[in-house]
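So the chains spell out like this:
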Amino acid sequence: MKSILLPLTHTIEAATITRIASELALQGQGSLTGLFIRPDPRMAIPFMGEGLTAEMIQHLCDTAETEGKANAAKAETAFREAVNRQGLKLLDTGERAEGGRARWRVVTGQINDHAGRSARTSDLTVCLQPDGDAPDSDDIFHDLIFRSGRSVLMVPGSYTGSVGRHVMIAWNGRAEGARAVGGAIPLLLGAEKVTIVQIGDIDPVRPDFEDLEDYLEEYGITATTRNDTDKGESIGNQLLETATKIDADCIVLGAYSHSRWREMVLGGATRHIVSKSKLPIFMSH
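Rules behind the numbers
For every chain, the first residue of the written sequence is number 1, and numbering continues from 1 onward in sequence order. Selection of residues for local features in this predicted model requires a pLDDT of at least 70, selection of side-chain atom pairs for listing and counting requires 80 or more, and totals for whole chains, interfaces and linings are taken over all residues. The side-chain values count all of the structure's non-hydrogen atoms but skip hydrogen atoms and water molecules. Here is the rule: rings of Phe, Tyr and Trp (six-membered ring for Trp) pair when centre to centre is within 6.5 Å. Planes less than 30 degrees apart are stacked, more than 60 are edge-to-face, and the remainder are tilted. The helix and strand labels rest on DSSP assignments: H or I over at least four residues marks a helix, E over at least two residues marks a strand, and numbering proceeds from the N terminus. Per-residue accessibility, obtained with a 1.4 Å probe over protein chains only, is compared with the maximum for each type, and a residue is labelled buried under 20%, exposed over 50%, and partly exposed between these values. The definition of a nonpolar core used throughout is a set of buried Ala, Val, Leu, Ile, Met, Phe, Trp, Tyr and Cys residues joined through side-chain atoms within 4.5 Å. The contact rule is simple, with two residues in contact once any of their heavy atoms fall within 4.5 Å.

Engineer: Before we go on, may I ask you to explain the packing of aromatic side chains in this structure?
Structural biologist: Centre distance and the angle of the planes are the two values used to describe a pair of aromatic rings. Counting across every chain of the model gives four aromatic pairs. Ring centres of Phe 146 and Tyr 256 lie 5.2 Å apart, and the angle between their planes is 35 degrees; this geometry places the pair in the tilted category. Residue Phe 146 is found in helix α4 (residues 135-147), and its partner Tyr 256 is found in the loop between β10 (250-254) and α8 (260-266); the two are separated by 110 residues along the sequence. For Phe 146, a relative accessible area of 31% puts it in the partly exposed group. Judged by its relative accessible area of 5%, Tyr 256 falls in the buried class. Each residue in the set Phe 36, Phe 79 and Trp 104 is aromatic and connected to the rest through ring pairs, giving one cluster.

Right, dumping it as structure tokens:
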């Protein structure tokens, strides 16, 4: 991975995802960009002018501006310390260098102004698994999945391992899965082991796990294959159980093959895996 993006806000606990993103940048001798999204101070005024004097409005804006700058400075310090521990060289704006390197950027606005759009020119974006204790994590994750058009690595905040030793591909022959595999090729090339898992039979007009095995062999990637019986339960749960059983450290998955709204109402493999996984999930939509 030559270009990795790490979107952050002041509510995101960044230690785990910064470590994972730094390791991947170092492995690929690429760049990691920490993108801190700072709220616009004007957003601190919910009802501009309604019962507020100009002096009060200015005071609220100034307070929000000061707080935003303090949060950005705190996040930058933590980022610098983290990437330095991983051996990345932190570059100034406009500076260029070879090898694993990192940059820091601060932008102002809402998450949906910056996260997905900025990710469009990155090979991979690393983000935190949606967590109710981190209010911005859900917004960042979904903005990346639905608006970036690029690969996303979702990492649980409690994850202590690395990514890429044993990669499991959850395969169903759909376009989203194919896009995820294509984006994951650099990760698969560096893996010690790759396992393709297909649950039950799939539509015969779709490529199956054997077709994917042949495709990967064109890259020199030798994969172990499993065509597991559908147990008639949650496909998402079955995939997570299989990943644990085979000791995978990452799952490659096509995200939201069904409509996101259908999954929210009826449930689905992506929704289950996103909410329950204890492993990093490499996704594309």
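Anyway, onward from the coordinates.
Engineer: Looking at this structure, how should I read the nonpolar core?
Structural biologist: Among soluble globular proteins, nonpolar side chains are generally buried collectively. If you look at the biggest cluster of nonpolar residues, it comprises 80 residues, and the most contacted ones within it are Leu 32, Leu 153, Ile 169, Leu 188 and Leu 216. It is helix α5 (residues 175-189) that provides the largest number of residues to this core, a total of six residues. Excluding its chain neighbours within four sequence positions, the residues that come into contact with Ile 169 are Val 181, Leu 188, Val 194, Thr 195, Ile 196, Val 197, Leu 212, Leu 216 and Val 252.

Engineer: It is not clear to me how the environment of Asn 71 should be interpreted in this structure. Could you clarify?
Structural biologist: The topology assignment puts Asn 71 in helix α2 (residues 54-86). The exposure class assigned to Asn 71 is partly exposed, which follows from its relative accessible area of 23%. Remark: the alpha-carbon pair of Asn 71 and Ala 191, spanning 120 residues in sequence, is separated by 37 Å. Residues within four places of Asn 71 in sequence aside, it is in contact with His 10 and Phe 36.

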